[in-house]
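# Descriptive analysis of the structure
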Amino acid sequence: MKKLLYAAALLLAVTACDDEVTNPGDFSVKSTLGVERIWTASGQEYPVSIVREKDTVYMASFIDKETDETVWFETDTRGHFYELALNTLPPEADTIFIKISSNAKWKAPMPDGGGKTQWFFTQRQAGGGSSTVTATVTRNRNKQRPVNADQYIMTSDSAVMFKVSFAQKGEKD
């Protein structure tokens, strides 16, 4: 019985590999990413205005065996960084939506709390193509938050990166 099962599994594995692997896409196309709209579940719209834009070059390093020093050099990989204007949120708890357009896989890691209480929680942290990054914000019963939430959204190859910053007012302001 065991031999029959092994033979069936082998036959299944061989027949499953009959198709020739095809190219899933054109890898010479550069990654694109754009932030189109920022809004909240409560109906507040925020402007998408770029305050800083910067071309970047990725650096690599190696250790020179003769001098035992680290040598840095520019690679052929280029990137583009965009920083959007700071958005100040009201003290109420809310859900934030950031609509993005892309032709690539992307990621949006949760912002660092800066050692303070985490108040900005990214719920959708990765995807592919055009989509919406979703985050929730907790209620702020005190004064304005001491640490802004810097939400980075980048293509998986880091060729394009956006920094979307949020501050939150407090009920005691």
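Coordinates for the structure precede this section.
A brief look at the structure comes next.

Cut-offs applied
- Residue positions are counted from 1 within each chain, in the order its sequence is given.
- Residue-level local features of this predicted model are given only where pLDDT is at least 70; pairs of side-chain atoms are given and counted only at 80 or more, and the full residue set underlies all totals for whole chains, interfaces and linings.
- Where side-chain values are given, they derive from all heavy atoms of the structure, hydrogens and water being excluded.
- Only centres within 6.5 Å qualify two rings of Phe, Tyr or Trp (six-membered ring in Trp) as a pair; their planes then separate them into stacked at under 30 degrees, edge-to-face at over 60, and tilted for everything else.
- In this text, helices come from DSSP runs of H or I with a minimum length of four residues, and strands from runs of E with a minimum of two, each type numbered from the N-terminal end.
- Burial here depends on accessible area, computed with a 1.4 Å probe over protein chains only, as a share of the maximum for the residue type. Under 20% is buried, over 50% is exposed, and the range in between is partly exposed.
- Should DSSP find at least two bridges between two strands, the strands are regarded as paired.
- To qualify as a nonpolar core, a set must consist of buried Ala, Val, Leu, Ile, Met, Phe, Trp, Tyr and Cys residues joined through side-chain atoms within 4.5 Å.
- Residue contacts are defined here by distance: any two heavy atoms, one from each residue, within 4.5 Å place the two residues in contact.

## Thoughts on the packing of aromatic side chains
If you walk through the whole model with that rule in mind, you get five aromatic pairs. Where Y82 meets F162, the ring centres are 4.7 Å apart and the plane angle is 15°; that geometry is what we call stacked. Residue Y82 is found in strand β4 (residues 70–84), and its partner F162 is found in strand β12 (residues 160–168); the two are separated by 80 residues along the sequence. Take Y82 and F162: they sit in the same class, and that class is buried.

## Concerning the sheet that holds strand β10 (residues 131–137)
Taken in spatial order, the five strands of this open sheet run β2-β1-β6-β10-β8, and their pairing is antiparallel. Looking at which strands have only one partner, the edges of the open sheet turn out to be β2 (45–46) and β8 (120–122).

## Concerning the nonpolar core
A general trend in soluble globular proteins is that nonpolar side chains are found buried together. Counting residues in hydrophobic clusters, the biggest one holds 24 residues, and the most contacted among them are I38, I96, I98, I100, F120, I153 and F166. Elements supplying a minimum of two residues to this core: β1 (33–40), β4, β6 (94–102), β10, β11 (149–155) and β12. Here this core gets four residues from one element, more than from any other, and that element is β12. For F166, the contacting residues outside a window of four places in its chain are I38, L86, N87, L89, I96, I98, W119, F120, N148 and A149.

## So, the side chain of H80
For H80, the location among the structural elements is in strand β4. Every residue in contact with H80, bar those within four places of it in the chain, is listed here: E53, K54, D55, T56, A159, V160 and M161.

Just distances and angles here, no functional claims.
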